[in-house]
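Notes for the structure review
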Amino acid sequence: MSIRFEGRVAIVTGAGGGLGRQHALALAARGAKVVVNDLGSGVDGSGAGGAGNGTVSAAQKVVDEIRAAGGEAIANGASVTDSGAVQAMVDAALTEWRRVDILVNNAGILRDKSFAKMDLADFRQVMDVHLMGAVNCTKAVWETMRAQSYGRIVMTTSSTGLYGNFGQSNYGAAKMALVGLMQTLALEGAKHGIRVNCLAPTAATRMTENLIPEAALRLLVPEAVTPGLLALVADDAPTRTILCAGAGGFEQAHVTLTRGIHVGIAGDAAERVQSGWAEIGDRDGETVPESGAAQGMLELEKAMSN
Ligand code: NAI
């Protein structure tokens, strides 16, 4: 069954280049009306200027491509860190097309340094763009999606958040925060028809040009990630899924829970935890709890059955 987006309105942040551009082009090619957002910064977030600067022209170029192919799109130069400008972007989409069905939180920057050398300012800035940027955009569409009883939201996370990478403590913290945001929004959105997922891409873009070896570059095209994004925002999308995507490969990451042990609160509890590591960590029979509260209940059940 082919995935189509006729009648759907999508916002893709950071869509002036890289992965966001591919997402925007693919959504439009399959019938979506697309807001192409990008403030046009450097990889580290520098040089952003807002309307009229070279950046908006990056978004405008993508809009021009979409229109040339017969699609519908508008450009937007808001920084995702500016909640007022983000609200104005969403209002513009509503004025133009009356709905917002899909939000792809994709905008991002890097400020890599080992933690020992990292300024708090670099930590905060990365958190602000990735985490608060996604929060600002999601907040701005949330009521509209609830009122429509329809929404598809993707947070762009990263293998760095899920598994760590040297020199990326700020980025990893921000990217894993998006997984936490997704986990709760998927629960809160469920009864309103809002599905929320995470995409963890690997692609050769300007963001990774110094990190990925030459031979791998031609396999890691952004186009090889976008099919996963399309499936995550389709009518029959899953919710609460973390999809890893790169070079045409797709995997799902889970935050799992082992069965563990019950130790209680006797004086030797710490020693029993210490001697119980193997059993606590035994992955046989591990599950993915339905919520944080459900995980807590499992511990209570273990205590009550002891
Ligand atoms: P990119 O640098 O080509 O794209 C990011 C875009 O976001 C740029 O066009 C930039 O102008 C825009 N942007 C930056 N700050 C912004 C702001 N405040 N408001 C609006 N737009 C802003 O990089 P790429 O690789 O396409 O990254 C896209 C997303 O995928 C990012 O969230 C990144 O962290 C994530 N990602 C990428 C990976 C990769 O292998 N390329 C790996 C894991 C995650």
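Since this is a predicted model, take the numbers as computed values, not measurements.

**Notes on the environment of lysine 113**
By the secondary structure assignment, lysine 113 is in the loop between β4 (102-105) and α4 (120-148). Given a relative accessible area of 37%, lysine 113 falls into the partly exposed group. For the pair lysine 113 and phenylalanine 123, spaced 10 residues apart in the sequence, the C-alpha separation amounts to 9.7 Å.

**What to know about the domain arrangement of the protein**
For the protein, the assigned domains read domain 1 (9-253) and domain 2 (269-304). On a C-alpha basis, the centroid separation for the pair domain 1 and domain 2 is 35 Å.

**Describing the site of the ligand**
Surveying the vicinity of the ligand reveals 29 residues, the closest of which are Asp38, Asn106, Tyr171, Thr205 and Arg206. With respect to the ligand, the side chain of tyrosine 171 contributes an N or O atom lying 2.5 Å from an oxygen atom. Here an oxygen atom of the ligand sits 2.8 Å away from a polar atom, N or O, in the side chain of arginine 206. Relative to its unbound accessible area of 820 Å², the ligand is 96% covered by the protein chains. The residue inventory of the shell around the ligand, partitioned by class, reads 11 nonpolar, 15 polar and three charged.

**What to know about the environment of aspartate 235**
Within the secondary structure, aspartate 235 is located in the loop between α8 (226-233) and β7 (242-246). For aspartate 235, a relative accessible area of 42% gives the class partly exposed. Measuring from C-alpha to C-alpha, the distance between aspartate 235 and tyrosine 150 comes to 9.1 Å, with 85 residues separating the pair along the chain. Dropping the residues within four chain positions of it, aspartate 235 is found in contact with Arg8, Tyr150, Arg152 and Arg195. A polar contact of 3.4 Å, which involves the side chain of aspartate 235, links it to the side chain of arginine 8.

**A short note on the side chain of asparagine 197**
Relative to the elements of secondary structure, asparagine 197 occurs in strand β6 (residues 194-202). In terms of polar contacts, asparagine 197 uses its side chain to reach the backbone carbonyl oxygen of leucine 232, at 3.4 Å. With residues up to four places along the chain from it excluded, the contact list for asparagine 197 reads Ile153, Val154, Met155, Met182, Leu232, Ala237, Pro238, Thr239, Arg240 and Thr241.

**Looking at α8**
Taking burial as the measure, the eight residues of α8 include six buried ones, the bulk of the element. If you follow the buried residues of α8, they end up packed against α1 (18-29), β4, β5 (151-156), β6, β7 and β8 (249-253).

**A word on the sheet that holds strand β1 (residues 9-12)**
Spatially, β3-β2-β1-β4-β5-β6-β7-β8 is the arrangement adopted by the eight strands of the open sheet, whose pairing is mixed. Sheet topology places β3 (72-76) and β8 at the edges, where each strand pairs with a single neighbour. Across the sheet, the mean angle separating the axes of adjacent strands is 20° when strand polarity is ignored. As paired strands, β1 and β4 are joined by three bridges and run parallel to one another. Residue pairing across strands places valine 12 opposite valine 104, the latter belonging to β4. Across the sheet, helix α6 (residues 169-189) is in contact with β5, β6 and β7; its angle to β6 comes to roughly 160°. Contacting β4, β5, β6, β7 and β8, α8 crosses the sheet at an angle of about 145° to β5.

**What about the pattern of salt bridges?**
Scanning the entire structure with this criterion turns up 10 salt bridges. One salt bridge connects arginine 99 with aspartate 101, and the closest N-O pair in it is separated by 2.7 Å. The partly exposed category is assigned to arginine 99, whose relative accessible area is 27%. Of the charged contacts, one joins aspartate 122 and arginine 111 as a salt bridge, the two residues approaching to 3.1 Å between their closest N and O atoms. One end of the pair, aspartate 122, is in helix α4; the other, arginine 111, is in the loop between β4 and α4, and 11 residues separate them in sequence.

**Some thoughts on unusual backbone geometry**
If you check the backbone angles, serine 149 has positive phi at about 55° while not being a glycine. The class of serine 149 is partly exposed, set by a relative accessible area of 47%. Backbone geometry places alanine 247, a non-glycine residue, at a positive phi of 55°. Summarising the element assignment, alanine 247 is placed in the loop between β7 and β8.

**Some thoughts on the confidence of the model for the protein**
Any residue range with low pLDDT should be treated as having predicted coordinates unsuitable for detailed reading. This prediction gives the protein a mean pLDDT of 95; 97% of its residues lie at or above 70. Segment residues 49-55: pLDDT under 50, and 14 contacts once partners within four positions in sequence are set aside and those in other chains are kept.

**Topic: the packing of α1 against α8**
Two numbers describe how α1 lies on α8: the axes approach to 9 Å, and their chain directions differ by 55°. By the criterion of interaxial angle, the relationship of α1 to α8 is oblique. Between α1 and α8 lies a crossing of right-handed hand. Where α1 abuts α8, its residues Leu19, Gln22, His23, Ala26 and Leu27 lie against Thr226, Leu229, Leu230 and Val233. Residues belonging to the contact of α1 with α8 are distributed by class as follows: six nonpolar, three polar and no charged.

Procedures and definitions
Residues numbered from 1 in each chain as written. Predicted model: local features only at pLDDT ≥ 70, side-chain atom pairs only at ≥ 80, totals over all residues. Heavy atoms only, no water. Helix = DSSP H or I, 4+ residues; strand = E, 2+ residues; numbered from the N terminus. Buried < 20%, exposed > 50% of the residue type's maximum accessible area, 1.4 Å probe, protein only. Domains from an automatic or database assignment. Near = heavy atom within 4 Å. Polar contact = N/O pair within 3.5 Å; in protein donor to acceptor, adjacent residues only side chain to side chain. Areas by Shrake-Rupley, 256 points an atom, 1.4 Å probe, with all protein chains shown as cover. Nonpolar A, V, L, I, M, F, W, Y, C, P; charged D, E, K, R; others polar. Contact = heavy atoms within 4.5 Å. Pairing = 2+ DSSP bridges. Axes fitted to C-alpha atoms, helices over the stretch in contact; angles between N-to-C directions. Salt bridge = Lys/Arg side-chain N within 4 Å of Asp/Glu carboxyl O. pLDDT = per-residue confidence, 0-100. Parallel < 35°, antiparallel > 145°, perpendicular 65-115°, else oblique. Left-handed = near helix turned anticlockwise from the far one by under 90°.

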